[in-house]
Protein chains: 2
Amino acid sequence: MAQQPSNPSSKLTKGSPDRFTGDVWVDYMVNDTINDFLVSKVFFEPNARSNWHSHLGKQIIMAIDGEGYYKEKGKPVKKLKKGDVVVIEPGTTHSHGSINSNKFTQAVMMNGITKKDATTWLNKVTEEELKE
Amino acid sequence: MAQQPSNPSSKLTKGSPDRFTGDVWVDYMVNDTINDFLVSKVFFEPNARSNWHSHLGKQIIMAIDGEGYYKEKGKPVKKLKKGDVVVIEPGTTHSHGSINSNKFTQAVMMNGITKKDATTWLNKVTEEELKE
């Protein structure tokens, strides 16, 4: 079983409802402030997604299980399955999440983590926006 | 000091001379055989580089310090500096390394790690090939 169970272990951090819709868990695997890069694994339960947000650094996503999406504000939803990679340029307003009843797990690599306000969190993503 | 010193700590693995030219150190940060992804940090001393090689999985590189290169067999050298990202498709014969007297540090994220012969190692990269 590659997917994290719905009742995850205590090493995972629950995504804040201020930043996510539905149940999202984050495993912070590397937080390297010397070389300025972070690696995490993010588990999205069905119908779970991030709010719109942007990063000061560059973020790379690799889909590692389930089915999910990546969407930039005003652009079409990009569906992601195992092995798909997205490079997100600094300052790009975007959202990640699962698709409908699927779970989704993504690995994340990011720099720019030591800057103040490294991530700016914005509004929730509506169901209607996901249909655009 | 963002660069790893030339005399690295014991948690680093020295790159084998069968696979690398010069001094290369690897810090294996994540080896997730459940979700099938690996994260490492690779330190290239000046004039150090990998042999030609290819992976069964997809590999993503993010340059995090110094100056280095990425080169696919038969293609021009691509210089890398902090923040540059390269997505390497499965089966692509390539090499990474530092440029001349510079050190280079890269973060690596890769899948396909649980397969047999996940990486195929080939010949050394010559000085002449780096000028192509």
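Data block above holds the structure.
This structure is a prediction, so every number in the text was calculated from the model and none was measured.

K.L.:
Please set out the nonpolar core residue by residue, giving values where relevant.
P.N.:
Counting 18 residues, the largest nonpolar core has Phe37, Ile60 and Met109 of chain A together with Phe37, Ile60 and Met109 of chain B as the members making the most contacts within it. Mapped by element, the contributors of at least two residues to this core are strand E4 (37-44), strand E7 (59-72) and strand E11 (104-111) of chain A together with strand E4 (37-44), strand E7 (59-72) and strand E11 (104-111) of chain B.

K.L.:
Describe the relation of the copies chain B and chain A, listing the residues and the values that go with them.
P.N.:
It takes a turn of 180° to lay chain B on chain A, together with a shift of 0.0 Å along the axis; the resulting RMSD is 0.0 Å. The symmetry that links the two subunits is that of a two-fold axis. Interface overlap between copies: 100% of the residues of chain B at the interface are likewise at the interface in chain A, consistent with a symmetric, same-surface contact.

K.L.:
Break down the interface of chain B and chain A for me, citing the residues and quoting the values.
P.N.:
Of the residues lining the interface, 27 residues belong to chain B; the matching set on chain A comes to 27 residues. Buried area between chain B and chain A, both sides added, is near 2,100 Å², and the carbon and sulfur share of it is 68%. Of all residues in chain B, Asn35, Met62 and Met109 of chain B bury the most surface against chain A, accounting for 27% of the area lost on that side. At the surface where chain B touches chain A, the tally comes to two salt bridges. For the salt bridge of Lys41 of chain A with Asp32 of chain B, the shortest nitrogen-to-oxygen distance reads 2.4 Å. At the boundary of chain B with chain A, the tally comes to four residue pairs in polar contact (both at pLDDT 80 or more). Where the side of chain B that touches chain A is concerned, the elements lending two or more residues are strand E3 (24-32), E4, E7, strand E9 (85-88) and E11 of chain B. Looking at the side of chain B that touches chain A element by element, the count peaks at six residues for E11 of chain B. Class assignment for the residues of the side of chain B that touches chain A results in 16 nonpolar, four polar and seven charged.

K.L.:
Explain the pattern of salt bridges residue by residue, including any values.
P.N.:
Opposite charge on two side chains permits them to pair, given that their charged atoms come into close proximity. Here the structure, examined in full by the defined rule, presents 18 salt bridges over all chains. Between Glu89 of chain A and Lys58 of chain A there is a salt bridge; the shortest N-O distance is 3.8 Å. You can see Glu89 of chain A sitting in the loop between strand E9 (85-88) and strand E10 (94-98) and its partner Lys58 of chain A sitting in the loop between strand E6 (53-55) and E7, a full 31 residues away along the chain. One salt bridge connects Lys11 of chain B with Asp27 of chain B, and the closest N-O pair in it is separated by 3.2 Å. Of this pair, Lys11 of chain B sits in the segment before strand E1 (13-14) while Asp27 of chain B sits in strand E3, and the two are 16 residues apart along the sequence.

K.L.:
Run through the environment of Asp23 of chain B, naming residues and quoting values.
P.N.:
Tracing the backbone through its elements, the reader meets Asp23 of chain B in the loop between strand E2 (20-21) and E3. A sequence separation of 31 residues divides Asp23 of chain B from Ser54 of chain B, and the C-alpha atoms of the two residues are 20 Å apart.

K.L.:
Summarise the pairing of E4 of chain B; cite the residues concerned and give the values.
P.N.:
All names here are of chain B. Among the eight residues of E4, eight are classified as buried, and the element is accordingly described as predominantly covered. Of the two faces of E4, both are covered, the one formed by Phe37, Val39, Lys41 and Phe43 as well as the one formed by Leu38, Ser40, Val42 and Phe44. In the sheet, E3 pairs with E4 via eight bridges, with the strands oriented antiparallel. Residue pairing in the sheet places Asp32 in a bridge with Phe37 of E4. Counting the residues between successive antiparallel strands, the hairpin from E3 to E4 contains four residues, one of them, Asp36, with a positive phi of roughly 60°.

K.L.:
How would you summarise the environment of Glu129 of chain A if you had to cite specific residues and measurements?
P.N.:
All names here are of chain A. Within the element layout of this structure, Glu129 appears in helix H1 (residues 127-130). In this structure Glu129 comes out as buried when scored by relative accessible area, which is 15%. Along the primary structure Glu129 and Ser16 are separated by 113 residues, whereas in three dimensions their C-alpha atoms are 21 Å apart. In this view, Glu129 contacts Trp52, Lys71, Lys73 and Lys124; residues no more than four positions away in its chain are not counted. For Glu129, the side chain forms a polar contact with the main-chain nitrogen of Thr126, separated by 3.0 Å.

Rules and cut-offs
- Residues numbered from 1 in each chain as written.
- Chains lettered and ligands numbered in written order.
- Predicted model: local features only at pLDDT ≥ 70, side-chain atom pairs only at ≥ 80, totals over all residues.
- Heavy atoms only, no water.
- Core = buried A, V, L, I, M, F, W, Y, C linked by side-chain atoms within 4.5 Å.
- Buried < 20%, exposed > 50% of the residue type's maximum accessible area, 1.4 Å probe, protein only.
- Helix = DSSP H or I, 4+ residues; strand = E, 2+ residues; numbered from the N terminus.
- Least-squares fit on C-alpha atoms with pLDDT ≥ 70 in both.
- Contact = heavy atoms within 4.5 Å.
- Buried area = accessible area lost by both parts, 1.4 Å probe.
- Salt bridge = Lys/Arg side-chain N within 4 Å of Asp/Glu carboxyl O.
- Polar contact = N/O pair within 3.5 Å; in protein donor to acceptor, adjacent residues only side chain to side chain.
- Nonpolar A, V, L, I, M, F, W, Y, C, P; charged D, E, K, R; others polar.
- Pairing = 2+ DSSP bridges.

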